[in-house]
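Topology and contacts: notes
Okay, here's what each chain looks like letter by letter:
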Amino acid sequence: MSAQPTALQKSQSGVSKAPLKVVSGQTPAASPSGANLDEIAPELSGLLRVLTCGSVDDGKSTLIGRLLWDATDLYDDQRETLERGKRVDGGNPDFSLLMDGLVAEREQGITIDIAWRYFDTATRRIVVIDSPGHEQYTRNMASGASHADVAILLIDARHGIKTQTRRHAAILDLVGVKRVILVVNKMDLVDWSESTFRKIEADFETFSWRFGFWETTVIPTAAVSGDNVAAASAHMPWYSGPTLLEHLESLPSRVTEPTGPFRFPVQTVLRDSRNDFRGLAGTVSGGSVRVGETVVDALSQRKAKILRISTMDGDLDTASQGQAVAIQLDTDIDVARGAVLSKGDMPPLAARVLEARMVWLSETAYDPRGSYLLRTATDLTPVSNLKISALLDLETLETHEADACATNDIAIGTIALGRTAAIDTFTEAPETGSFVLVDAITGGSVAGGVITAAKAEAAEADENTFVLTRAMLERGLNSDLGDSPQADAEFRRRANEVALILRAAGINVEIENAPDYSI
Amino acid sequence: MTQQISHLDLLEAESIHIFREAAAQFRKPVLLYSIGKDSTVLLHLARKAFWPARLPFPLLHIDTGWKFRDMIAFRDKTVRDFDLDLIVHTNEDGREKGINPLDYSPSVYTDVMKTVPLKQALDKYAFDAAFGGARRDEEASRAKERVFSFRAEGHRWDPRRQRPEMWRLLNGRLGAGESVRVFPLSNWTERDVWRYILREKLDVVPLYFAAERPTIVRNGQLIMQDDDRLTLKPGEEVVNRRVRFRTLGCYPLTAAVESDAADMESVVAETLGARTSERQGRLIDHDQVGAMEKKKQEGYF
């Protein structure tokens, strides 16, 4: 597939070819009546989120800075900042200054946290998520990767594949990135050697086969001089593939067609007494649904038909993945935040015990007696037991038995829940199959993970488990609550908090699942 | 079968999702309304997120007393038209002491009349979440922001202690004394904001459109004389110029640009062809190196 050059690509002189050039303070080139808005303000056909990752000093910030410099309409003040700034390698501006924003980062010359940059080609919005290379900040890289449609994995041509390359590839796989661009950078420092490039390409293949990547593209670049970034390199005639920019423009855009089974995690219930409106607000997280179709609440098994799909701009016939809508049902089944609607043929799992792969984000190590909460799409469930069973060895990419884990570890574990939750496996439905583990005391996000398997029953009957029943809670703690969805949400919140306090006191606790899924 | 969904549709849906997550997770949210174009888009998205119900939270305007008169008129009309609850808060202590943008440095003025009253109002009403219109494309330290931006006690932002955000999952669980700023426009750019205003046919403050306005040149910038508090320095002269504003704040600190763009189409055309970033006209950002980063650490939104 040959990629089209972007309309915003610069000529050699660096002069923009954008259709309009208006300097603030001057008369616009187009008269008000003659302004052709389809040309000036076209809506772009979708988004592509691109992660950049790799180890320290392999030139990520420089690569993206160079891409912005060559391929986009940088503002004059940004361009001047670079031109006035210090010079690096052969008199080129320090392109990384476009990316590293924090004072602390400039002082240390490293990227601590992910930075988001936005630029438009002729047809689409490209969002660059620049992630830190330093091992100490792997958790921030994982966080950035989870938002990406495609990842640029950078390698310094002089050093080849490193542990950090494997670590990052494993994290990309874990969070569900399916397309990888392996950029072999600093080719100028290895005399533009094809054999060096081919060796790295082969080395990557020897381990990446075990991951679930759909597509890996390997591109040799020199970011500082711009070789194969936005313009083809004259130094590497042996390379006939696309430049980085061409490749980015040829990739499919962020989800524009529904995939997988229909899922609708309910965020909140909207009510308007003026017109007797009761709608379930949420974002379709997979598949699509049509007015008249029957939907099922995964936990209560109650069914209803879709009466209306409402938005402020009018009703819709269908709602597809990614759309935020309000769904009205024909019968008033009592579902609240945390419920997941499906069409019933491939329903989510009503699960009490999950098998998961996760990346440990917290600087505090896993504590077998800690209090954790599981945040899934729109639900927050107390964890009654979290057990780590194995860790991924980043040298061999094999898993080894373990019962502890700490910052930046990739672990396999079992999560027993204090009550049943509606979830999916990650491969089945990514949005309802991923989670963040929350420290119940500090509120911090301690791990991010994906669900690989689930079962409905509790792990093993434990005689010491205390069951917190609805009746028990209604007697005193919740006696002030009425009978409304808001009250139900508050009931559930209080039940969760009691369970957490008991758990912190060392008591295993379960919350009774009320038949109407109120808890 | 492939549906072409525009990038604005994707951004809109994401913002609505964020509004609903925050409203469901926080005890008492508020929308920081500063009347400008970003606030206009923010409010429109909020109305979409909860339609047909009323907004489940009020608007908060931190009034420094130095906003353009057109802005205040627009604010009050918006509140009437959309049946909104508005809280206006001013740092009375600062006003009594006469802290103003003419005699004090931008950093002192911003701290006393914007950052301090924001914290005062959030504490006074015990808001635990505040929606803001900040975008990651605005400025280098903003490029690192989270959608749920955690603030420690005293509303301090610490870039090293940000919570990771994975996938679409937003963790709103707060520790004692913590609050959060929520940024539904995180992934929008200035161009998207204007494209969206055009597409949705939203009303904006008339100051965004070119008109003859009384202006002076001060420190190389065009400053509008909105009332008689802006006294002239030697050599300064009020001249009617055809100007408009790319960004709106306190009138002595917000520079105008000469322009003929008098309707929405030409404003969008001019914005999309602009050669300088929008915050160049914001004097408070250029006070010192890392100015925004420092202000954020102190609790600026």
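Residues numbered from 1 in each chain as written. Chains lettered and ligands numbered in written order. Predicted model: local features only at pLDDT ≥ 70, side-chain atom pairs only at ≥ 80, totals over all residues. Heavy atoms only, no water.

**Structural notes on the confidence of the model for chain B**
All names here are of chain B. Averaged over all residues, the pLDDT of chain B equals 88, while 89% of them reach at least 70. Mean pLDDT in chain B bottoms out at helix α8 (residues 291-297), which sits at 58, and peaks at strand β3 (residues 86-89), which reaches 98. The low-confidence segment residues 279-289, where pLDDT is below 50, has 33 contacts with residues more than four positions distant or belonging to other chains. With a pTM of 0.86, the predicted complex shows an ipTM of 0.88. (pLDDT = per-residue confidence, 0-100. Helix = DSSP H or I, 4+ residues; strand = E, 2+ residues; numbered from the N terminus. Contact = heavy atoms within 4.5 Å.)

**Describing the pattern of salt bridges**
One pass over the structure, following the stated rule, counts 50 salt bridges over all chains. Taking the shortest distance from any N to any O, the salt bridge between A:Arg125 and B:Asp192 comes out at 2.6 Å. Here A:Arg125, found in strand β5 (residues 125-130), pairs with B:Asp192, found in helix α6 (residues 190-200), and the two come from separate chains. Here A:Arg125 and B:Asp192 have matching classes, each one buried. (Salt bridge = Lys/Arg side-chain N within 4 Å of Asp/Glu carboxyl O. Buried < 20%, exposed > 50% of the residue type's maximum accessible area, 1.4 Å probe, protein only.)

**Overview of the packing of helix α5 (residues 138-145) of chain A against helix α6 (residues 163-175) of chain A**
Residues and elements named next belong to chain A. Viewed as axis vectors pointing N to C, α5 and α6 meet at an angle of 40°, and their least axial separation amounts to 9 Å. The angle between α5 and α6 places the two elements in the oblique class. Helix-helix and strand crossings are classified by hand; for α5 and α6 the assignment is right-handed. Contacts from Thr138, Met141, Ala142 and Ala145 of α5 reach α6 at Gln164, Arg167, His168, Ile171, Leu172 and Val175. Across the contact of α5 with α6, the residue classes tally to 6 nonpolar, 3 polar and 1 charged. (Axes fitted to C-alpha atoms, helices over the stretch in contact; angles between N-to-C directions. Parallel < 35°, antiparallel > 145°, perpendicular 65-115°, else oblique. Left-handed = near helix turned anticlockwise from the far one by under 90°. Nonpolar A, V, L, I, M, F, W, Y, C, P; charged D, E, K, R; others polar.)

**Comments concerning helix α5 (residues 106-124) of chain B**
Residue and element names in this part refer to chain B. If you check α5, its first and last C-alpha atoms are 25 Å apart, about what 19 residues at 1.5 Å a residue would give, namely 27 Å. Of all the bends in α5, the largest measures some 30° and sits at Val112. Every buried residue belonging to α5 is among Pro106, Tyr109, Thr110, Val112, Met113, Lys114, Thr115, Pro117, Leu118, Ala121 and Leu122, and all of these are buried. Ala126 occupies a position one or two residues after α5 and carries a positive phi of about 55°. (Expected span 1.5 Å × (residues − 1). Bend = angle between axes of the 7 residues up to and from the residue.)

**Some points on unusual backbone geometry**
The linkage connecting B:Trp51 with the following residue, B:Pro52, adopts the cis geometry, with an omega of 0°. By the secondary structure assignment, B:Pro52 is in the loop between α2 (37-50) and β2 (59-62). Within the chain, A:Lys186 stands out as a residue other than glycine whose phi angle is a positive 65°. Note on placement: A:Lys186 falls in the loop between β7 (179-185) and α7 (194-208). The exposure class assigned to A:Lys186 is buried, which follows from its relative accessible area of 19%.

**Things to note about the sheet that holds strand β12 (residues 294-297) of chain A**
Ordered in space as β9-β10-β15-β13-β12-β16 (chain A), the 6 strands form a closed barrel in which the pairing is antiparallel. Neighbouring strand axes in the sheet, compared pairwise and without regard to direction, differ in orientation by 50° on average. Bridging between strand β13 (residues 303-310) of chain A and strand β15 (residues 324-329) of chain A involves 4 bridges; their strand directions are antiparallel. Each residue of the ladder has a partner; that of A:Ile306, found in β15(A), is A:Leu329. Sheet strands in contact with helix α1 (residues 7-25) of chain B are β9 (264-272), β10 (277-283) and β15 of chain A, and its direction is about 75° off that of β9(A). (Pairing = 2+ DSSP bridges.)

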